[in-house]
Structure formats: C-alpha cells, structure tokens
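# Residue-level structural notes
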Amino acid sequence: MANVNYRLNVRKRRNWRLIVIVTAVILLFLVILFVLIGNILKKKTDADTEKPSEGSSSTAIADSTLPYSVNAYAVDLSSKDMSMISASISELKSKGVTSVSLNFSNKEGRLLYNSSVAQSLGYQSSGESGLDPEALATKITAFGALPAGTFVLGSQNETDPKLRIVKLAYESAVVAELAEKGIKDMTLICDNLSLENAEALLRLAESAKSVAPTLNIGITLPQATMADPQVSILIDKLTEAYDFIALDLTNNGETEVCDYIDSALGDPNLRYCFIRYNVRLLIPSINDDATFERLTSILRVNSVASWQMMY
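In this report, the structure presented in the accompanying data block is examined.

A few words now on the overall build of the chain. A count of helical and extended segments in the chain gives twelve helices and eight strands. When burial is assessed residue by residue, the chain has 41% of its 311 residues classed as buried. Counting only contacts in the chain whose residues sit at least 6 apart along the sequence, the fraction spanning at least 24 positions is 77%. Carbon and sulfur atoms provide 57% of the accessible area of the chain, an area that totals close to 17000 Å².

Next up, the structure:
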C-alpha cells in the first residue's frame, strides 16, 4: 500500500512539473506576442503621423520652408515696370508654377524696390522705385506659389572693416524688411564667401531671423569654393544659421548654359556636396522651351532636386 502511495505522489509531482513548465511556456509566448503586436502598432502609428494630410492645398506647399521643395522661375524686376512685372507673374500662374523668384537687387547690390530701411538710412531717395514687394508677394501667394527672392551682398566687397560692419547690418535689415513684406524664402549671393568672413555672414542671418523668425534663408557659394575638397568645414559652419546652401552657376559667360551646368555638375566634389547638403542650384533664367527641357533633363540625371532661376 505504501508503495502504491509513493508511486501516486511521484506521478502527481511529475504532473505538477509538467503543468508549471507548460504554463511558463504559454506565458512566455504571450509576452513575446504582446511585444510584437505593440511594436507593429507603434510603427503603424509613426507611419500615420509622418504621412502628409490628404487634401493639402497649394498654399500649404507655398508655406513649406523645406529647401528641396523649391523650383523657382524668375521674374525680372530691373525694368521697375509694375504692369510688365505683374504680366510676367500672371504668365507663370498660367503655367502652374509653385515658386516665383524675384531679384531684389542688381548685380552691384543696388536695390530694385522701394525700401523704407534704405530711405531711412539715406541709401535711397523717396520714390526712387515704385516696386512694392508686399504687392508682388500677395499676387504670387494668391495662386498658391512661394515668393522667393535673391539679394546680392555688397558688404563683403568693402575693404574698410568699419564700413563693412555698417553695410552688413544694413543688408540684414533689408532682408528682414523683405521677409516682413511676404518674401519668406531668400537666397543671399556672395561672390567671395570663405571661412574668414563666415562669422560675419552668420550674424547677418541671425539678425534677420531675430526680426523675421519664419524666414527661410540661404546663401550661395561660388563654384570654385564648392569644388574645394575642404568645403565641408565652411558649409557646416554656415548651416549653424542658414537653412540651405546654394551653388551659384549663373556666370556661364559665353558658354551655352546647358553645357556649362552639365560640365559643372560632373565635378565629383560638387556631386558629394549635393548629396550631403541638398544644395539648391542657382541658374540663369531660361525662356526658351527647348533649352529649359534639356536643362531639366540634366538636373534630373544629376539628382538636383532644388533650383532657382535668377536674372
């Protein structure tokens, strides 16, 4: 009888061990299952959050400050003829463009619009130009496009360091003024940018943004500078304050514009910068459809996502 009881107890202990083991395995399986389900749901939630909202208007596109979103067609302001300029903007509207580039200074840095900042400082006489940036920006945003500007910096060509400081502050104020009037994307053109004057140009961007925080501001590098293998040091410095870097390829001279740009983009150092920094390309304005079609093909082959025309 004792032997029978002993066998029963052994069998019960074995059964309990089996139950414990099976229960542990089931619990472990459930834990792993819940973790997997949780990860799947999290990824789905993150993906849904990252999706752009459906039905976004063209105005929402215009408000975007992402550098890669800009493909800007140029309208020349040098004529200072508001009716002619308005007609050019209307023509671009009919083509469905998403961004319009306006040159607010000539190649010497002289303003092409009526600036209260310039007039207050005696740099411009009252009524010297009848162009109103705010009216132009309103006309452009009315059809859902982004008003983008270009502005030539003359301060860095000043040899007197004291006057250079004054001119830099003036240029910063002008850029902020344009931003307040609706020009939310601005490309600054500097033909002698280097590590030596990078700090001063950082202050320009910081000062302008202190007045116009929503301003999307970039600065151009000359082709020779961009092709320098050490240019990453300069670009990393500039991106502390600038939202994007642009490459100035407007100085094609006598060379056919497509050949010039195609040759420039073949430089391996330039291609590296485009990939790493999502560089915007500043190109001459092109009115010929065949030339423009060839140019866009060159840009597409070279993975240039962002470009801005300039007169």
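As summarised here, the arrangement of the eight strands in space is 1-2-3-4-5-6-7-8, forming a closed barrel in which the pairing is parallel. On average, adjacent strands in this sheet sit at an angle of 25° to one another, irrespective of strand direction. Packed onto the sheet, helix 3 (residues 82-94) meets strand 1 (71-75) and strand 2 (99-103) and runs at close to 150° relative to strand 1.

Right, let's get into the pattern of salt bridges. As enumerated under the stated definition, the model contains ten salt bridges in all. In this structure, Arg-294 engages Asp-259 in a salt bridge whose closest nitrogen and oxygen atoms are separated by 2.6 Å. On the criterion of sequence distance, the pair formed by Arg-294 in helix 12 (residues 289-301) and Asp-259 in helix 10 (residues 257-264) is long-range, its members being 35 residues apart. Members of the salt-bridge network, linked through shared partners, are Glu-199, Lys-237 and Glu-240.

The subject of this paragraph is the nonpolar core. With 78 residues, the main nonpolar core has Leu-188, Ile-219, Tyr-242, Ile-261 and Leu-281 as its most contacted residues. Once you skip the residues sitting within four places of it in the chain, Leu-281 turns out to touch Leu-247, Leu-249, Ile-261, Phe-274, Leu-299, Val-304, Ser-306, Trp-307 and Gln-308.

With respect to the secondary-structure elements, Val-174 resides in helix 6 (residues 161-180). Note on Val-174: relative accessible area 0%, which makes it buried. Spatially, the C-alpha atoms of Val-174 and Leu-111 are 9.3 Å apart, while their sequence positions differ by 63 residues.

Attention now moves to the side chain of Asn-252. Looking at the secondary structure, you find Asn-252 in the loop between strand 6 (244-248) and helix 10. Overall, Asn-252 belongs to the buried group, its relative accessible area being 16%.

The set of residues buried in helix 9 (residues 231-238) consists of Val-231, Ser-232, Leu-234, Ile-235 and Leu-238. All buried residues of helix 9 project into a common sector of 160° when viewed along the axis, lining one side. Residues of helix 9 that are buried in the fold lie against helix 7 (195-211), strand 5 (216-222), helix 8 (223-226), strand 6 and helix 11 (268-277).

Moving on to the packing of helix 9 against helix 11. Axis separation between helix 9 and helix 11 bottoms out at 11 Å; the angle between their running directions is 30°. By the angle between their axes, helix 9 is roughly parallel relative to helix 11. The two elements helix 9 and helix 11 meet at a crossing, and its hand is right-handed. Between helix 9, through Val-231, Ser-232, Ile-235 and Asp-236, and helix 11, the contact on the second element is made entirely by Tyr-272, Cys-273, Arg-276 and Tyr-277. Of the residues contributing to the contact of helix 9 with helix 11, the split by class is five nonpolar, one polar and two charged.

Another point: unusual backbone geometry. With the exception of glycine, most residues fall at negative phi, and the peptide bonds are largely trans. Even without glycine at this site, Asn-278 takes up a positive phi of about 50°. Within the secondary structure, Asn-278 sits in the loop between helix 11 and strand 7 (280-284). A positive phi angle, close to 60°, is found at Ser-303, a residue other than glycine.

Parameters at a glance
- Residues numbered from 1 in each chain as written.
- Predicted model: local features only at pLDDT ≥ 70, side-chain atom pairs only at ≥ 80, totals over all residues.
- Heavy atoms only, no water.
- Helix = DSSP H or I, 4+ residues; strand = E, 2+ residues; numbered from the N terminus.
- Buried < 20%, exposed > 50% of the residue type's maximum accessible area, 1.4 Å probe, protein only.
- Contact = heavy atoms within 4.5 Å.
- Areas by Shrake-Rupley, 256 points an atom, 1.4 Å probe, with all protein chains shown as cover.
- Pairing = 2+ DSSP bridges.
- Axes fitted to C-alpha atoms, helices over the stretch in contact; angles between N-to-C directions.
- Salt bridge = Lys/Arg side-chain N within 4 Å of Asp/Glu carboxyl O.
- Core = buried A, V, L, I, M, F, W, Y, C linked by side-chain atoms within 4.5 Å.
- Arc of directions from axis to C-beta.
- Parallel < 35°, antiparallel > 145°, perpendicular 65-115°, else oblique.
- Left-handed = near helix turned anticlockwise from the far one by under 90°.
- Nonpolar A, V, L, I, M, F, W, Y, C, P; charged D, E, K, R; others polar.

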